[in-house]
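# Report on the structure
Given next are the chains, with one letter for each unit.
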Amino acid sequence: MMLSQPFEKPVRVWVGLGFPRQLNSVVDAYQFVTDWCGNGPEQKAAIRACKAALAGDIDAETARGILVRFARKKDILVEDGTMTPVKNTAKPLHV
């Protein structure tokens, strides 16, 4: 039986060209990590954790913690208070 467990607090990650994506539940996280290009140990751990949470073997917050570690390792975690990763600081060319 697959349970769609919501996270107590969503996880936000950078996708594409610096656009944030909010992951609200184990299902969201599972879809994100399985779509991620790569095959590293953190990704594998996140996929296993999401599968276990969906099966009811672990709680959503445990899976969330593993997802956060994956996102932090890949430098895509949107930390609290973080603004967009690309900021235009150029001065106008005209006066």
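Residues numbered from 1 in each chain as written. Predicted model: local features only at pLDDT ≥ 70, side-chain atom pairs only at ≥ 80, totals over all residues. Heavy atoms only, no water.

### Thoughts on the environment of Cys50
Convention followed: The numbering of helices and of strands both runs from the N terminus, where a helix is a DSSP run of H or I of at least 4 residues and a strand a run of E of at least 2.
Along the chain, Cys50 falls in helix H2 (residues 41–54). Considering only alpha carbons, one finds Cys50 and Asp28, 22 residues apart in sequence, at a separation of 9.4 Å.

### Quick word on the pattern of salt bridges
Under the convention used in this document: One speaks of a salt bridge when a side-chain nitrogen belonging to Lys or Arg is within 4 Å of a carboxyl oxygen belonging to Asp or Glu. Burial classification: accessible surface area is computed with a 1.4 Å probe over protein chains only, and a residue below 20% of its type maximum counts as buried, one above 50% as exposed, and the rest as partly exposed.
Counted according to the given criterion, the structure contains one salt bridge. Between Arg72 and Glu79 there is a salt bridge, with the nearest N and O atoms lying 3.1 Å from each other. Owing to a relative accessible area of 35%, Glu79 belongs among the partly exposed residues under this scheme.

### Focus on helix H3 (residues 60–73)
Count 3.6 residues to each turn of an α-helix, and residues three or four apart come out pointing the same way. Keep this limit in mind: Each helix should span, by expectation, one fewer than its residue count multiplied by 1.5 Å. Contact definition: two residues touch when any of their heavy atoms are within 4.5 Å. By the criterion applied in these results, polar contacts are pairs of N or O atoms within 3.5 Å in which, for protein atoms, one can donate a hydrogen and the other can accept it, and in which residues neighboring in sequence qualify only through two side-chain atoms.
Counted at 1.5 Å a residue, the expected span for H3 with its 14 residues is 20 Å, and the 20 Å between its end C-alpha atoms agrees. Within the span of H3, buried status applies to Ala60, Ala63, Arg64, Ile66, Leu67, Val68, Phe70 and Ala71. Against the buried residues of H3 lie strand S1 (6–15), strand S2 (19–25), helix H1 (26–35) and H2. Capping the start of H3 is the job of one residue whose side-chain oxygen sits 2.9 Å from the backbone nitrogen of Glu61: Asp59. Directly after H3, the chain includes Asp75, whose backbone phi takes a positive value near 60°.

### Description of the packing of aromatic side chains
Threshold: Any two rings among Phe, Tyr and Trp, with Trp reduced to its six-membered ring, count as a pair given centres within 6.5 Å; such a pair is stacked if its planes are under 30 degrees apart, edge-to-face if over 60, and tilted if neither.
Scanning all chains against the criterion turns up two aromatic pairs. Relative to Trp36, the ring of Phe32 lies with its centre 5.8 Å away and its plane at 50°, an arrangement referred to as tilted. When the centroid spacing of 5.6 Å and the interplanar angle of 85° are considered together, the rings of Trp36 and Phe70 count as edge-to-face. One end of the pair, Trp36, is in the loop between H1 and H2; the other, Phe70, is in helix H3, and 34 residues separate them in sequence. An aromatic cluster of at least three residues, connected via ring pairs, comprises Phe32, Trp36 and Phe70.

### Considerations on the packing of H1 against H2
Between two packed helices, both the angle of their axes relative to each other and the distance between the axes serve to describe the pair. Here is the rule: Axis angles are defined between N-to-C directions and span 0 to 180 degrees, where every axis is a line fitted to C-alpha atoms and, for a helix, only to the segment in contact. Here roughly perpendicular refers to angles of 65 to 115 degrees, roughly parallel to angles under 35, roughly antiparallel to angles over 145, and oblique to all remaining angles. Should the near helix be turned anticlockwise from the far one by less than a right angle, the crossing is left-handed, and should it be turned clockwise, the crossing is right-handed.
Two elements in contact, H1 and H2, have axes whose closest approach is 9 Å; the angle formed by their N-to-C orientations is 150°. In terms of their interaxial angle, H1 and H2 are classed as roughly antiparallel. Classified by chirality, the crossing of H2 by H1 is left-handed. In this structure, H1 uses Val26, Val27, Ala29, Tyr30, Val33 and Thr34 to contact H2, whose residues at the interface are Gln43, Ala46, Ile47, Cys50, Lys51, Ala53 and Leu54.

What is shown is where atoms sit, not what they do.
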